[in-house]
Every structure is written in C-alpha cells, then in structure tokens.
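# Descriptive analysis of the structure
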Amino acid sequence: MHDGHSHGGHGQPAAGRDEAVALLTYMLSHNRHHADELHDAAHALPESDAAAREALHEALALLNQSNDRLEAALGLLREE
C-alpha cells in the first residue's frame, strides 16, 4: 500500500493486469500525441525564442524516455 492505494505485485489477478495493460496502452498513445504537438509547437516558435525551443526539446527528450519505460513495462506485462 502506498499513498492509500495498493500496487499489486506478483500473482496479480488477471483483471488488474488487463487494467494495467489498457492504461499503459492509452497513456503511451496519449503521451505520444502530446509529444508530437509539443514538437510542432517548438518548431513554430520564432528564432528569437530559441531558449524556449531548446527547453521544449529537452522536455520532449525526457517525455520520450518516460514513454520508453512505459513501453518496456507494457511489454513485460504482455509477455507474462
């Protein structure tokens, strides 16, 4: 139990696994869509906003790393 909710664990019921797969699948699609929007927004900024563009690109790199970890977790759930 953490922050008032359980995270399950080994031997997790199939319904919990199915819910996690559904959530991760949704989150990956959702996050990737927003990443595309942020990428486009960064490139739409004028040259005078180069620092903001760079900050957005750094944030996108972190978002992509997070998505990679979500995808890895999803893959592990689908394997088992």
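Refer to the structure printed above.
Quick caveat, the model's predicted, so the values are computed rather than measured.

### Some details on helix 2 (residues 50-79)
When the terminal C-alpha atoms of helix 2 are compared, their 43 Å separation across 30 residues agrees well with the 44 Å that a helix rising 1.5 Å per residue should span. If you check which residues of helix 2 are buried, you get Arg53, Leu60, Asn67, Leu74 and Leu77. Against the buried residues of helix 2 lie helix 1 (14-44).

### What to know about the nonpolar core
Val21, Leu24, Leu28, Leu74 and Leu77 form the largest nonpolar core, which has 5 residues in total. Put simply, the parts of the chain that give this core at least two residues each are helix 1 and helix 2. Counting residues per element, this core draws most heavily on helix 1, at 3 residues. Aside from chain neighbours lying at most four places away, what touches leucine 28 is Asn67, Leu70, Glu71 and Leu74.

### So, helix 1
With 31 residues, helix 1 should reach 45 Å at 1.5 Å per residue; the first-to-last C-alpha distance of 45 Å fits that figure. All buried positions along helix 1 are accounted for by Arg17, Val21, Leu24, Leu28, Asn31, Ala35 and Ala42.

### A closer look at the environment of leucine 63
Along the chain, the position of leucine 63 falls in helix 2. By relative accessible area, leucine 63 is classed as partly exposed at 21%. Sequence separation between leucine 63 and arginine 32 is 31 residues, and the spatial gap between their C-alpha atoms is 8.6 Å. Once you skip the residues sitting within four places of it in the chain, leucine 63 turns out to touch Asn31 and Ala35.

### Structural notes on the pattern of salt bridges
All chains considered together, the criterion is met by 2 salt bridges. In this structure, glutamate 71 and arginine 32 form a salt bridge, with 3.3 Å as the shortest nitrogen-oxygen distance. Separated by 39 residues along the polypeptide, glutamate 71 in helix 2 and arginine 32 in helix 1 bring together distant segments of the chain. For arginine 32, a relative accessible area of 37% puts it in the partly exposed group. The partner of arginine 53 in a salt bridge is glutamate 47, with the nearest N and O atoms 3.4 Å apart.

Rules used in this analysis
Residues numbered from 1 in each chain as written. Predicted model: local features only at pLDDT ≥ 70, side-chain atom pairs only at ≥ 80, totals over all residues. Heavy atoms only, no water. Helix = DSSP H or I, 4+ residues; strand = E, 2+ residues; numbered from the N terminus. Expected span 1.5 Å × (residues − 1). Buried < 20%, exposed > 50% of the residue type's maximum accessible area, 1.4 Å probe, protein only. Contact = heavy atoms within 4.5 Å. Core = buried A, V, L, I, M, F, W, Y, C linked by side-chain atoms within 4.5 Å. Salt bridge = Lys/Arg side-chain N within 4 Å of Asp/Glu carboxyl O.

The values reported here are purely geometric and, on their own, carry no functional implication.
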